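Observations on the model geometry
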Amino acid sequence: MQVKKIRDFSPKKLESFIVELGEKPFRARQVCKWLYQKDAVSFDEMTDLSIETRGKIKSVFDIEPTLKIIEEQKSTDGTLKYLFELSDSNRIESVIIPEKKRLTLCISSQVGCALGCKFCLTGTVGKIRNLDTSEIIDQYLFISSKLPGPITNIVFMGMGEPLDNIERVIDTIEILTDKNAIGMSSKRITVSTSGLVSGINELGKRISVNLSISLNASNDNTRNEVMPINKKYPIRKLINSAVKYPLPGRKTLTFEYVLLKGVNDSVKNAHEVVELLKGINCKINLIPFNEAYPLPYNTPEMNRVYEFQKILENAKINAKIRKSRGRDILGACGQLAAKYPHKINSRNKEQSADI
Ligand code: SF4
C-alpha cells in the first residue's frame, strides 16, 4: 500500500481509514489529539496506542512535515510573512496580521492561481497546482508553533482561489474546527473568493464559515476587465449566490474592494456599489491598491478613497479603509512568493474545471 500523508485526512476520513485497518473508531480521535493538540512529530510518541496499533498506522501513514521555511520577514507594522518551500520545490507564502485583539493567519490554498485577476501578482504566475490538505494545515501548525500567543482567526486569502481547491479546503476546515483536532470556532474562519459561484453554492451545502467576496468593481464592464472570472459569473449572479450562503454568527457578508486609481475609484463607481449592496447585511473593506511591478495599476489619492467611503457610509453601508498590511515587505496577496522564480512543477495535473 502506498504511504499516505496523515494530515491529508480530515478527522472523519481518518476514522474511516483507521477502521479499515481493523482498529476501533476512537483510535482516530486519539491520533488527532496527538497530531494537533500535543504536537507529536513521530508515531512512537502516541503512547496511549498499543505498539501493534502504532505499527499498523506507521505502515500506511507518513507524519513528516510538508513545508520547509525559506524566509521570514517582519514589517514595520508588525505583519509577519513566511515563505515556504514544498517537497517539489514550489513555493508558497503565509502571513500573520496582528491587530488589537486578533492574530490572524492568512493561508495559501494553491501554488499560483488560475483566476488571473489583473491586479494580483499571483495571477500573473498562473495555476501550478493545488495544495494538499497537509500542506495547507502545516502552514498553521508551523506558524502557531513559532508565535508567543494563539492564532485567533484564519483567512483563506493567501495564494490561490480556495474554492478552486474546495475538497482540500473543506478537509482543512474540518481539521481546524474538530474538537479532537484544533477545535477552533468556525466563526473565526473566513474563506475569501474571487467569485466562483459554483464553489460558493457547494461550500454552503457542506460547511458554514465566514465568506468574503473579492468584488473590486462596481459594474460588469470593469469587473470583466480586472477579474476575468466575471465573464462566467457576473456580479448579480455572484451577489445572489453569496446572500444565500449560510453564514455563521452575526451572518455578515464581507466584500473586499481594491481601489485602483482611475479604474474603479470614482464617485460614480461608489454609487454603483451602493446600488449593488443596499439591503444586504454586509461590510466592505476598501483597500487602496499596493503598487507592484509589473502590474499596470496605481494607488489612488487618499482623498478619493475617503470620498468613496463617505458615499457608502451615507448609504448606511459599513465601509472600512484597510491598509494593505506589510507594504514594506510586499504585503498584498501573492507578492512575496511571486517575487521568487517558481519551479513549474504541476505534479497533480489538476484542472480548474469551473474557470
Ligand atoms: S486575487 Fe486571488 S483569485 Fe485573483 S488571481 Fe490573485 S490569488 Fe487568484
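Residues numbered from 1 in each chain as written. Predicted model: local features only at pLDDT ≥ 70, side-chain atom pairs only at ≥ 80, totals over all residues.

With respect to the sheet that holds strand β10 (residues 189–193)
The strand order across the open sheet formed by ten strands is β3-β4-β5-β6-β9-β10-β11-β12-β13-β14, and the pairing between neighbours is mixed. The sheet is open, and its two borders are formed by β3 (67–74) and β14 (318–321), each paired with just one other strand. Averaged over all neighbouring strand pairs, the angle between strand axes comes to 20°, with direction disregarded. Bridge count for strand β12 (residues 253–259) against strand β13 (residues 282–288) is seven bridges, and the pairing is parallel. Within β13, the position partnered with F255 by the bridge is I284. (Pairing = 2+ DSSP bridges. Helix = DSSP H or I, 4+ residues; strand = E, 2+ residues; numbered from the N terminus. Axes fitted to C-alpha atoms, helices over the stretch in contact; angles between N-to-C directions.)

Some words on the domain arrangement of the protein chain
When the domains of the protein chain are assigned, the result is domain 1 (4–62) and domain 2 (67–339). Put simply, the middle of domain 1 and the middle of domain 2, counted by C-alpha atoms, are 33 Å apart. Between domain 1 and domain 2, the residue contacts involve twelve residues of the former and 13 residues of the latter. Mapped by element, the contributors of at least two residues to the side of domain 1 that touches domain 2 are α1 (11–20) and α2 (26–36). Looking at the side of domain 1 that touches domain 2, the element that brings in the most residues is α2, giving four residues. A class-by-class count of the residues in the side of domain 1 that touches domain 2 yields three nonpolar, one polar and eight charged. (Domains from an automatic or database assignment. Contact = placed C-beta atoms within 7 Å. Nonpolar A, V, L, I, M, F, W, Y, C, P; charged D, E, K, R; others polar.)

Quick word on the pairing of β12
Counting buried positions along β12 gives five out of seven residues, so the element sits mostly inside the fold. Where strand β11 (residues 210–214) and β12 come together, three bridges link them in parallel fashion. Its bridge partner lying in β12, I213 is registered against F255. Since β12 and β13 lie parallel, the crossover through helix α10 (residues 267–277) that links them has a hand, and here it is right-handed. (Buried ≥ 20, exposed ≤ 12 C-beta atoms within 10 Å, placed from the backbone. Right-handed = clockwise from strand over helix to strand, strands pointing away.)

Quick look at helix α9 (residues 235–244)
Listing the buried residues of α9 in full gives I235, L238, I239, S241 and A242. One side of α9 carries all its buried residues, which in axial view fall inside an arc of 165°. Opposite the buried face of α9, by more than 90 degrees, sit the exposed residues R236, N240 and K244. Residues of α9 that are buried in the fold lie against α7 (197–206), β11, α8 (220–226), β12 and α10. (Arc of directions from axis to C-beta.)

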